Amino acid sequence: MDGNHFETWFETIMPKLKPQSIIVMDNAPYHSVKKEKIPTSSWKKSAIQEWLSQKKVAWNQDLIKIELLQKVNEVKHLYDGYKVEEIAKKFVHKILRLPPYHCELNPIEMIWSQVKGYVARGNKTFKLNEIKELVIKGIENVSTQNWANCINHVIKKEKEMWEIDGLVDEIWENQNFIISVNSDSSDSYSEIMSADDL
């Protein structure tokens, strides 16, 4: 799968969704193709100047590369989007991206795990035709109740994360921490103490 194939498929799905659908999407590379490339420090100075000119951002010849990149940073939010978001927007849908590295918040990961488990248990010959049949059968075995269970599991995990996040915020707001490194000891160690303990 690559961005072009995914975007072509994605566009065919859009009219089939209910109006103003929210599409939950992970951060796979083919979901995350940018509308356009934004200059970075690896770009040549002349390419950054050209990009700024195309965007009608004023710059002058005296600016060094880092100053040009600062100008890019001032406007990049206007151009820093994903192709799939533009496709969804055409059909009045919205994309909600999952946080990176949080597959436990994606019900489809659990469904795929179920399908892959079915294939692994049934795969006796390792022949492609048999695997294909097992994948199809594994997908057919996914019930509405399986989906509901996975979605409920994600909702539970999400609530747990919000609670933990709130606890962490509360601890950090109510405590001042000092990390003290004792250089007198032959073993280097760090001691964490509250500022109230001093």
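Sequence order sets the numbering: in each chain, residues are counted from 1 along the sequence as written. Where totals are concerned, whole chains, interfaces and linings use all residues; where local detail is concerned, this predicted model gives features only for residues with pLDDT of at least 70, and gives and counts side-chain atom pairs only at 80 or more. Only hydrogens and water are set aside; all other atoms, that is, all heavy atoms of the structure, feed into the side-chain values.

The name given to the protein chain in an unreviewed UniProt entry is DDE_3 domain-containing protein, with the source organism recorded as Trichonephila clavata.

(A) Layout of unusual backbone geometry. The phi torsion at Gln-20 lies on the positive side, around 55°, for a residue other than glycine. Relative to the helices and strands, Gln-20 is located in the loop between α1 (3-13) and β1 (22-25). Judged by its relative accessible area of 62%, Gln-20 is exposed. Positive phi is not limited to glycine here, since Phe-126 has a value of about 60°. Think of it in three bands: with a 1.4 Å probe and only protein chains considered, a residue is buried below 20% of the maximum accessible area for its type, exposed above 50%, and partly exposed in between. Taking relative accessible area as the criterion, Phe-126 reaches 63% and is therefore assigned exposed. Only DSSP runs of H or I with at least four residues qualify as helices, and only runs of E with at least two residues qualify as strands; both kinds are numbered from the N terminus onward.

(B) Focus on a negative patch on the surface. Taken together, Asp-165, Asp-169, Glu-170 and Glu-173 make up a surface patch of like negative charges. When you line up the elements, Glu-173 lands in helix α7 (residues 144-174). Among the residues examined, Glu-173 registers a relative accessible area of 67% and is labelled exposed. Patch criteria: residues need more than 30% relative accessible area and no salt bridge. Like-charged residues are merged within 9 Å; nonpolar side chains of Val, Leu, Ile, Met, Phe, Trp and Tyr are merged within 5 Å. For the accessible areas, the method is Shrake-Rupley and the probe is 1.4 Å, while residue cover comes only from the protein chains on display. Here a salt bridge means any side-chain nitrogen of Lys or Arg lying within 4 Å of a carboxyl oxygen belonging to Asp or Glu. The convention is simple: Lys and Arg are positive, Asp and Glu are negative, and His and the chain ends are not counted. Where a charge lies is defined by one atom per residue type, namely NZ (Lys), CZ (Arg), CG (Asp) and CD (Glu).

(C) Just the side chain of Asn-106, in detail. Here Asn-106 shows up in the loop between β2 (94-97) and α5 (107-122). Setting aside chain neighbours within four positions, we find Asn-106 in contact with Asp-26, Leu-98 and Val-154. Residue contacts are counted whenever heavy atoms from the two residues lie within 4.5 Å of one another.

(D) Looking closely at the packing of α5 against α7. α7 packs onto α5 with a crossing angle of 135° between their chain directions and a minimal axis gap of 8 Å. Here α5 lies oblique to α7, going by the angle between them. Along this stretch, α5 crosses α7, giving a crossing that reads as right-handed. Mapping the contact onto sequence places Pro-107, Ile-108, Met-110, Ile-111 and Gln-114 in α5 and Asn-146, Trp-147, Cys-150, Ile-151, His-153 and Val-154 in α7. Residues of the contact of α5 with α7, tallied by class, amount to eight nonpolar, three polar and no charged. Inter-axis angles, ranging from 0 to 180 degrees, are taken between N-to-C directions of lines fitted to C-alpha atoms, where helices are fitted over the stretch in contact. Geometric relationships in this document are graded by angle, where less than 35 degrees denotes roughly parallel, more than 145 denotes roughly antiparallel, 65 to 115 denotes roughly perpendicular, and other angles denote oblique. Handedness of a helix crossing follows the sense of rotation of the near helix relative to the far helix, less than a right angle counterclockwise being left-handed and clockwise being right-handed. In the scheme used here, Gly and all other residues not listed as nonpolar or charged are polar, with Ala, Val, Leu, Ile, Met, Phe, Trp, Tyr, Cys and Pro taken as nonpolar and Asp, Glu, Lys and Arg as charged.

(E) Spatial organisation of the pattern of salt bridges. One pass over the full model with this rule turns up seven salt bridges. One salt bridge in this structure joins Lys-35 and Glu-86, with 3.5 Å as the shortest N-O distance. Taken together, the residues span a long stretch of sequence, with Lys-35 in the loop between β1 and α2 (45-54) and Glu-86 in helix α4 (residues 83-90) at a distance of 51 residues. According to the relative accessible area criterion, Lys-35 is partly exposed, its value standing at 35%. Note that Glu-36 is salt-bridged to Lys-55, the shortest N-O span being 2.8 Å. With Glu-36 in the loop between β1 and α2 and Lys-55 in the loop between α2 and α3 (65-75), this pair connects stretches of sequence that are 19 residues apart.

(F) Main features of the pairing of β2. By the alternation rule, side chains of β2 split into Ile-95 and Arg-97, which are all buried, and Lys-94 and Leu-96, of which none is buried. The pairing of β1 with β2 spans four bridges and is parallel. Across the sheet, the residue bridging to Met-25 is Arg-97, located in β2. Any two strands with at least two DSSP bridges between them are considered paired.

(G) Local environment of a nonpolar patch on the surface. Judged by side-chain polarity, Ile-108, Trp-112, Ile-139, Trp-147, Ile-151 and Ile-155 come together as a nonpolar surface patch covering roughly 510 Å² of accessible area. Of all elements in the fold, only α5 and α7 reach the threshold of two or more residues within the nonpolar patch. Here the nonpolar patch takes three residues from α7, the largest share from any one element. Note on placement: Trp-147 falls in helix α7. Residue class for Trp-147 comes out partly exposed when judged on its relative accessible area of 34%.

(H) Spatial organisation of the layout of surface pockets. Only protein atoms enter the 1 Å grid, on which a cavity is a set of points fitting a 1.4 Å probe that cannot get out and a pocket is an open set with protein on both sides within 12 Å along at least 5 of 7 lines, lining residues being those with an atom within 4 Å of a point. Grid points are joined across faces, edges and corners, and a volume is the space filled by probe spheres set on the points. Its boundaries defined by the atoms lining it, the largest pocket holds a volume of some 820 Å³. What lines the largest pocket is a set of 24 residues, among which Ile-23, Val-24, Met-25, His-31 and Ile-108 lie closest to the centre. Looking at the lining of the largest pocket, the elements that each hand over two or more residues are α1, β1, α5 and α7. Classifying every residue of the lining of the largest pocket gives 19 nonpolar, three polar and two charged. Roughly 370 Å³ of internal volume is contained in the second largest pocket. Along the wall of the second largest pocket there are 15 residues; nearest its centre are Leu-98, Pro-99, Leu-105, Glu-158 and Trp-162. Of all the secondary-structure elements, those providing two or more residues to the lining of the second largest pocket are β2 and α7. Among the residues forming the lining of the second largest pocket, the class breakdown is eleven nonpolar, one polar and three charged.

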